[in-house]
Amino acid sequence: MELTTEIKKYIDKSVLCWLATVSAENIPNVSPKEIFNYYGANKIIIANIASPQTVKNIKENESVCISFIDILVQKGFQIKGKAKIRNKTHSRFEEMEKVLIKMTGGNFPFSTITEIIIEHVKPIIAPKYVLYPETTEKEQIENAKKAYSLKKES
């Protein structure tokens, strides 16, 4: 499964993603991730900044699910795949690290990266779009700004 232009657009517009993992004992864990990006044609990479449970779970069970949305438009994607923890000895670590350091400005140190190979993609869409098909993204943005008490743009 390859990353489309639309998926990349939503990754670029998302402030956080949520990474779900499962331990060897089948105990789920969901953790917010701020430093993530697409990498190559079919991968997402995430800096492991303060993620000991995530790293432990991935080492025990490589199946993961990641979700991200544009909070104003209230659309995004859910992606399922297989994850690997990459450390500094991995052949592509430096290349992946450069992508993520560009986002952190070097302010958040990390020694490992989660590399997710995408297997399945499903759009996430706010129920209002389904229940009221005439809903426009512009209307949804205005409603979200009101709900989140954000100022209107001039």
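Refer to the structure presented above.
What counts, and at which threshold
For every chain, the first residue of the written sequence is number 1, and numbering continues from 1 onward in sequence order. Only residues with pLDDT of at least 70 get local features here, since the model is predicted, and only at 80 or more are side-chain atom pairs given and counted; chain-wide, interface and lining totals rely on the full set of residues. Heavy atoms throughout the structure, all of them, feed into the side-chain values; hydrogens and water do not. Helix and strand assignments follow DSSP, with helices taken as H or I runs no shorter than four residues and strands as E runs no shorter than two, numbered in order from the N terminus. Residue burial is assigned from relative accessible area. The probe radius is 1.4 Å, only protein chains are included, and a residue is buried under 20% of its type maximum, exposed over 50%, and partly exposed in between. Between two residues, a contact is recorded if the distance between any of their heavy atoms is within 4.5 Å. What sets the accessible areas is the Shrake-Rupley method with a 1.4 Å probe; for residues, cover comes only from the shown protein chains. When charges are counted, neither His nor the chain ends are considered; positive counts come from Lys and Arg and negative counts from Asp and Glu. Working definition for charges: the position is that of NZ of Lys, CZ of Arg, CG of Asp or CD of Glu. When DSSP finds at least two bridges between two strands, those strands are taken to pair. When two rings of Phe, Tyr or Trp (its six-membered ring) have centres within 6.5 Å they constitute a pair, described as stacked for plane angles under 30 degrees, edge-to-face for angles over 60, and tilted for the intermediate range.

Asker: Can you explain the overall build of the protein? Please cite residues and give values.
Answerer: The helix and strand tally for the protein stands at 5 helices and 7 strands. For the protein, the α and β elements follow one another from N to C terminus as α-β-β-β-β-α-β-β-α-β-α-α. Summarising its shape, the C-alpha atoms of the protein cover approximately 50 × 35 × 25 Å along the three principal directions. Evaluated residue by residue, the protein yields a buried proportion of 39% over its 154 residues. Long-range pairs, those at least 24 residues apart, make up 67% of the contacts in the protein with a sequence separation of at least 6. Surface exposure of the protein reaches about 9,200 Å², of which carbon and sulfur atoms provide 55%. With 23 positive and 18 negative side-chain charges, the protein shows a spacing of 2 Å between the two charge centroids.

Asker: Account for the pairing of strand β3 (residues 36-39), naming residues and giving values.
Answerer: Examined bridge by bridge, β3 and strand β4 (residues 43-47) share 4 bridges and lie antiparallel to one another. Residue pairing across strands places phenylalanine 36 opposite isoleucine 46, the latter belonging to β4. Connecting β3 to the next strand, β4, in antiparallel fashion are 3 residues, including glycine 40 with a positive phi near 70°.

Asker: Quick rundown of the packing of aromatic side chains? Include the residues and the values.
Answerer: Tallied over the full model, the rule gives 3 aromatic pairs. Judged by centre distance (5.8 Å) and plane angle (70°), the ring pair of tyrosine 10 and phenylalanine 77 falls under edge-to-face. Here phenylalanine 77 lies in strand β6 (residues 75-87) and tyrosine 10 lies in helix α1 (residues 5-13), a separation of 67 residues in the sequence. Among the residues examined, tyrosine 10 registers a relative accessible area of 2% and is labelled buried. Residue phenylalanine 77 is classed as buried on the basis of its relative accessible area of 7%. Considering the side-chain rings of phenylalanine 68 and phenylalanine 77, the 6.4 Å spacing of their centres and the 45° angle between planes classify their relative orientation as tilted. By relative accessible area, phenylalanine 68 is classed as buried at 1%.

So far we have only geometry, and geometry alone does not tell us how the molecule works.
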